[in-house]
Amino acid sequence: MGDPCAADDNLVHAPDDTPAHARLVAAHPPVATPPAKGESAVQREARRGLSWFAIGFSVTLGGFLAYTLAGEILRISELMILLMLAFFVAVSLDPFVRWLVRRGLKRGLAVGIVLAAFTGVIAGFMALVIPLVTNEVTAFSHAVPGWLEELRDHHSTLGRMEDHYHLIEKAKQQFGSGGGSSLFSGLLGAGQVLLTTVTDTVIVIVVALYFMAGLPQIKEFAYRFVPASGRERARALTDQVFVSTGRYMLGNLATSLIAGVSTFVWCSATSVPYAAALGVLVALLDLVPMVGSTVGGVVVSLVALAVSVPIAIATAVFYIAFRVAEDYLIVPRVMRHAVDVHPIVTVVAVLLGGALLGIIGALVAIPAAMTLGLLLDEFVFPRTDTA
């Protein structure tokens, strides 16, 4: 048997003048107790001696900071959507910029020409629509006195309606009970919506200008987050995404142009008013996949009611037939060499994009789905196929 005192050689010996309990602690240091099974972090910290007040303060402070951060993100979500739209516009117009650059123009000048053309299209649409709206408002204001005279004439149609329903008295009661303030609030709200729309349009155009001018620098900055060994691969994939997005937008512009010209021809042939403005409106709405052309058809059919009910019905039938032709003849032929996205993926992507971000989400849904498909083909599917 070994010497029982030999085990004491491995102990830490304290000086002789150290108290007995100190020598005992030095000889037998405390062992950390492992966490109990199922013990939470709060219970573990409490067992270690941390006060419940400190734990509660830390949890409350963390929750408050998370809530504040979420509120700030929601507050600037509208601005983020505008920035996303501006970047999408810049990427969509980039093929035109590169085409001009290949013709010998400097990128700044090419960006200026493309943006001027884009702004000119928007200004042209506003120049078509604003006079029409102004004329209608002016005609309405001139017609109001005549309608009031007819209301007082008991032999007219409006007069008989006034005798039966007492429209003037009800209108006075409505305005007397706060209807005037409601009308003023409605007009003020409409003015705010118009001002917001103009401001948002200016923001998108200006930010898109900066994005287009600095797109090469933005891409090079983003490449620095990729390891040097994979940057060439990232550059090739990014160029493929930009080219496919540009092709998609060119194809989308082609189909929208066909929709706008078809609307103009139909409205001119059937004497539907505002043929040019409606053609531009349908062309812009047709840029939104799936739902844009349908909304445009509904708007034109409603305007056609000003001509006659049969013309409105014929217009609705025309747009149904055009929608079928667009979905099964025009779009497949135009997009055949542009993008390779399955129709089911297109439908699901547009529905999800519209649910998340509205019209802007539906507009960028197909390029986003196309980009996701490229990433899967590049990074995921090769590994799963060889696993």
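About the cut-offs
In this convention, every chain numbers its residues from 1, walking through the sequence in written order. Under the rules for a predicted model, residues below a pLDDT of 70 receive no local features and side-chain atom pairs below 80 are neither given nor counted, while totals for whole chains, interfaces and linings still include all residues. Each side-chain value is worked out from all heavy atoms of the structure, with water and hydrogens disregarded. UniProt positions are given in the numbering used here, feature names are shortened, and annotations may be inferred rather than shown by experiment. A helix here means a DSSP run of H or I that spans at least four residues, while a strand means a run of E at least two residues long, and both kinds are numbered starting from the N terminus. Two residues form a contact once any of their heavy atoms are found within 4.5 Å. Note on areas: these come from Shrake-Rupley sampling with a 1.4 Å probe, and a residue is covered only by the protein chains present in the view. Like-charged residues within 9 Å of one another, or nonpolar side chains (Val, Leu, Ile, Met, Phe, Trp, Tyr) within 5 Å, are grouped into patches, provided each residue has over 30% relative accessible area and no salt bridge. For this analysis, a salt bridge means a side-chain nitrogen from Lys or Arg found within 4 Å of a carboxyl oxygen belonging to Asp or Glu. The classification of residues rests on relative accessible area computed with a 1.4 Å probe and restricted to protein chains. Under 20% of the type maximum is buried, over 50% is exposed, and intermediate values are partly exposed. Take the buried Ala, Val, Leu, Ile, Met, Phe, Trp, Tyr and Cys residues and link them wherever side-chain atoms come within 4.5 Å; each set so joined is a nonpolar core.

- As named in an unreviewed UniProt entry, the protein chain is AI-2E family transporter, taken from Streptantibioticus silvisoli.
- Annotation of the protein chain in UniProt includes, under Subcellular location (unreviewed entry), the sentence "Cell membrane".
- What UniProt states about the protein chain under its Sequence similarities (unreviewed entry) heading is, verbatim, "Belongs to the autoinducer-2 exporter (AI-2E) (TC 2.A.86) family."

1. Overview of the overall build of the protein chain
- Within the protein chain, the secondary structure is distributed over 13 helices and zero strands.
- Shown N-terminal to C-terminal, the secondary structure of the protein chain runs as helices and strands in the order α-α-α-α-α-α-α-α-α-α-α-α-α.
- At a minimum sequence separation of 6, the contacts of the protein chain that also span at least 24 residues come to 58%.
- Of the roughly 25600 Å² of accessible surface on the protein chain, 71% is carried by carbon and sulfur atoms.

2. Description of the UniProt feature "transmembrane region" (unreviewed entry) in the protein chain
- Following the UniProt record, the feature "transmembrane region" (unreviewed entry) maps to residues 50-70, 76-97, 109-133, 193-215, 257-285, 297-322 and 343-376 here.
- Secondary structure across residues 257-285 divides into 86% helix and 0% strand, with the first and last C-alpha atoms of the span separated by 11 Å.
- Taken end to end, residues 297-322 is 85% helix and 0% strand, and its two terminal C-alpha atoms sit 9 Å from one another.

3. What about a nonpolar patch on the surface?
- Side chains of Leu194, Val198, Val202, Val206, Leu209 and Tyr210 sit close together on the surface and give an oily, nonpolar patch of about 560 Å² of accessible area.
- Mapping Val202 onto the fold places it in helix H7 (residues 167-213).
- Using a relative accessible area of 47% as the deciding quantity, one classes Val202 as partly exposed.

4. A closer look at the pattern of salt bridges
- The tally for this structure, following the rule as stated, stands at six salt bridges.
- Residue Asp239 pairs with Lys219 through a salt bridge whose shortest N-O separation is 3.8 Å. Of this pair, Asp239 sits in helix H9 (residues 231-270) while Lys219 sits in helix H8 (residues 215-223), and the two are 20 residues apart along the sequence.
- You can call Asp239 partly exposed: its relative accessible area is 36%.

5. A look at the nonpolar core
- Of all hydrophobic cores here, the largest spans 31 residues; its most connected members are Leu85, Val89, Val97, Val204 and Met212.
- Elements supplying a minimum of two residues to this core: helix H4 (77-102), helix H5 (107-152), H7, H9 and helix H13 (343-386).
- Other than its neighbours up to four places away in sequence, Val89 contacts Phe118, Val204 and Ala208.
- Counting twelve residues, the second largest nonpolar core, distinct from the first, contains Ala259, Val272, Val300 and Tyr319.

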